[in-house]
Amino acid sequence: MTTIQDNLLDWLRDAHAMEQQAENMLSSQVERLEHYPQLRARIQQHLEETHQQRAQLETCLRRLGSSPSTLKDLSAKIMAFGQGMAGMVMSDEVVKGAMSGYVFENMEIASYTVLIEAAKVAGDAETQRVCESILQQEVAMSDWLRAHLPELTQAFLTRSAAPGVEAKR
Ligand code: MG
Ligand code: FE
């Protein structure tokens, strides 16, 4: 058997690793984006939120007498590195990046929805509050990406069809 508390801790460590992956993905996107300033600025903003989220999760873990999982964090970083490398060889990197970002945000939304419920069941009001506030940031980022995908697609297609203009990033 696994206690409610152990599941909660395990999912907090998963979320910490997920934010680690997010930090790596978002920072490589910010570094590479050149011709899409609005997208770059929004990703920069979410990168800063993501640093905070990771720190908040660490605080939750320590308060509960635990710590992040080095192994989970490391494999998340490796995954982010692979995604970054894959993006670089794509001629439509910016579009694929925004699509992956949208998918990733929705994975985060699912994770925090589960964590909020687990914190409720565990009677851990502080973890619940932290996860609820993080969830709002993930929803906002997901909504922004979805709302801006059409104009990003248009901008990419226009640049792509123009001679001598770089479109991919
Ligand atoms: Mg996040
Ligand atoms: Fe996020």
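Residues numbered from 1 in each chain as written. Chains lettered and ligands numbered in written order. Predicted model: local features only at pLDDT ≥ 70, side-chain atom pairs only at ≥ 80, totals over all residues. Heavy atoms only, no water.

*Asks:* How should I be thinking about the pattern of salt bridges in this particular structure?
*Replies:* In a structure, side chains of opposite charge can pair up when their charged atoms sit close to one another. Under the defined criterion, the tally for this structure stands at 13 salt bridges. The partner of Lys72 in a salt bridge is Asp10, with the nearest N and O atoms 2.9 Å apart. Taken as a pair, Lys72 in helix H3 (residues 70-88) and Asp10 in helix H1 (residues 4-32) lie far apart in primary sequence, 62 residues in all. Residue Asp10 is classed as partly exposed on the basis of its relative accessible area, which comes to 30%. Residue Lys168 is joined to Glu93 by a salt bridge in which the shortest nitrogen-to-oxygen separation is 3.6 Å. With a gap of 75 residues between them, Lys168 in the segment after helix H5 (125-161) and Glu93 in helix H4 (residues 93-122) connect regions that are remote in the sequence. Residue classification places Lys168 among the buried residues on the basis of a relative accessible area of 19%. (Salt bridge = Lys/Arg side-chain N within 4 Å of Asp/Glu carboxyl O. Helix = DSSP H or I, 4+ residues; strand = E, 2+ residues; numbered from the N terminus. Buried < 20%, exposed > 50% of the residue type's maximum accessible area, 1.4 Å probe, protein only.)

*Asks:* Before we go on, may I ask you to explain the coordination of the iron ion (ligand 2) in this structure?
*Replies:* For a metal with four tetrahedral donors the ideal donor-metal-donor angle is 109.5 degrees, while six octahedral donors give ideal angles of 90 or 180 degrees. Around the iron ion (ligand 2), the protein contributes the donor atoms His46 (NE2), Glu105 (OE), Glu108 (OE) and Glu138 (OE), at 2.0 to 2.3 Å from the metal centre. Here the iron ion (ligand 2) is ringed by 4 donor atoms whose angles at the metal span 75 to 163 degrees, and the overall shape comes out irregular. For the iron ion (ligand 2), the single-chain donor residues occur in sequence as H-x58-E-x2-E-x29-E. Here the iron ion (ligand 2) and the magnesium ion (ligand 1) are spaced 3.0 Å apart, and both take Glu108 as a donor. Of this pair, His46 sits in helix H2 (residues 37-63) while Glu138 is found in helix H5, placing the two residues 92 residues apart along the sequence. Look at Glu138 and you get buried, because its relative accessible area is 0%. (Donors = N, O, S within 2.8 Å, 3.2 Å for Na, K, Ca; no water. Tetrahedral: all angles 85-135°; square planar, octahedral: opposite > 155°, others 65-115°.)

*Asks:* Would you mind showing me how to read the coordination of the magnesium ion (ligand 1) here?
*Replies:* Every protein donor of the magnesium ion (ligand 1) is listed here as Glu19 (OE), Glu19 (OE), Gln53 (OE1), Glu108 (OE) and Glu138 (OE), and their distances to the metal cover 2.0 to 2.4 Å. Mapping the donors of the magnesium ion (ligand 1) onto the primary sequence gives the spacing E-x33-Q-x54-E-x29-E.

These results come straight from atomic positions and should not be treated as a statement about function.
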